[in-house]
Amino acid sequence: MNLIFFGPPGAGKGTQSQQVQQIYGIPQISTGDMLREARTAKSPLGLEAEKFMSEGKLVPDSVIVSLMDERLKQKDCNKGFILDGFPRTLEQASALKEMLKAQGKKIDCVVNIEVNEEELVARLTGRRQCEKCKKAYHVLYSPPKQEGVCDVCASKLFQRDDDQERTIRQRLKVYVDKTQPVINFYKQEKILESINGSGEVALILKKIEKILESRSQGHS
Ligand code: AP5
């Protein structure tokens, strides 16, 4: 299945898509992780993206679209994929449709995860992430067994520099202005499935699995 996990910063796109990738054996493609890796490597892409990311703004569409065009042509996407953090503007959504059409593919389902703003801020200010396997933790809601160390691969956890309250509020504003309109694009395509993303991670995963099962059997 070709999937999009959609929602505001902190909705749980990364948390849920990491689990779904294991269940379905399809790659999770996070534009945020790709940009952070480019930034760490100090590549031209990373240096270009840095100034937008640190201010909680979107990286220009042209940059993201060519990055994704390359990525989606890779072999591991042949059996399906989960997009996490893309598309984020109407321009990106249209470009995605065209690039998939050129490969004879389409998006099967967009899972839109809804969470209220104050919960999003609480989740993001307490988030810690593994620098290697990218697993997300929360200092209160899902702490690692040993402070600062990933349960899965024992690598160090870090706090993202855009997870400061001021930048989080800016990211949420950008979401409302630029990204939320994409919801209507997928409503019109009749592939949008919205879920309440508050509650236990495992329960939300169950809801997503149910939706995907139903979609893969050809009815919503
Ligand atoms: P990106 O990395 O994509 O960040 P984001 O969209 O802001 O989303 P997050 O990763 O913050 O949230 P998430 O929904 O994945 O939540 P998570 O599962 O981690 O983008 C960063 C930047 O890169 C952007 O600002 C932009 O500059 C640039 N960028 C990226 N893509 C771009 C694009 N397409 N176009 C232009 N620019 C782009 O969970 C969050 C926390 O909550 C964790 O601590 C987790 O443990 C906890 N949590 C999760 N689920 C639950 C639950 N059910 N209950 C309690 N806690 C929970």
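Please refer to the structure higher up on the page.
Criteria and cut-off values
Residues numbered from 1 in each chain as written. Predicted model: local features only at pLDDT ≥ 70, side-chain atom pairs only at ≥ 80, totals over all residues. Heavy atoms only, no water. Helix = DSSP H or I, 4+ residues; strand = E, 2+ residues; numbered from the N terminus. Expected span 1.5 Å × (residues − 1). Buried < 20%, exposed > 50% of the residue type's maximum accessible area, 1.4 Å probe, protein only. Arc of directions from axis to C-beta. Phe/Tyr/Trp six-rings, centres within 6.5 Å; stacked < 30°, edge-to-face > 60°. Lys NZ or Arg CZ within 6 Å of the ring centre and 35° of its normal.

Caption draft 1: Helix α5 (residues 90-102), seen in detail. If you check α5, its first and last C-alpha atoms are 19 Å apart, about what 13 residues at 1.5 Å a residue would give, namely 18 Å. If you check which residues of α5 are buried, you get Q92, A93, L96, M99 and L100. Projected down its long axis, α5 shows its buried positions confined to an angular sector of 130°, all on one face. Exposed side chains of α5 directed beyond 90 degrees from the buried face belong to E91, K101 and A102.

Caption draft 2: Representation of the packing of aromatic side chains within the structure. With the rule as written, the count across this model stands at two aromatic pairs. A ring pair is formed by F6 and Y175, whose centres lie 6.2 Å apart and whose planes are at 55°; its orientation type is tilted. Within this pair, whereas F6 is found in strand β1 (residues 2-6), its partner Y175 is found in helix α7 (residues 165-179), the two being separated by 169 residues in sequence. Of the residues examined, Y175 reaches a relative accessible area of 7% and is grouped as buried. Considering the side-chain rings of F185 and Y186, the 5.0 Å spacing of their centres and the 80° angle between planes classify their relative orientation as edge-to-face. On the basis of relative accessibility, which here comes to 18%, the residue F185 falls in the buried class. Relative accessible area serves as the criterion here: at 3%, Y186 is assigned to the buried category. Over the ring of Y137 we find K135, and its NZ or CZ is 5.2 Å from the ring centre.

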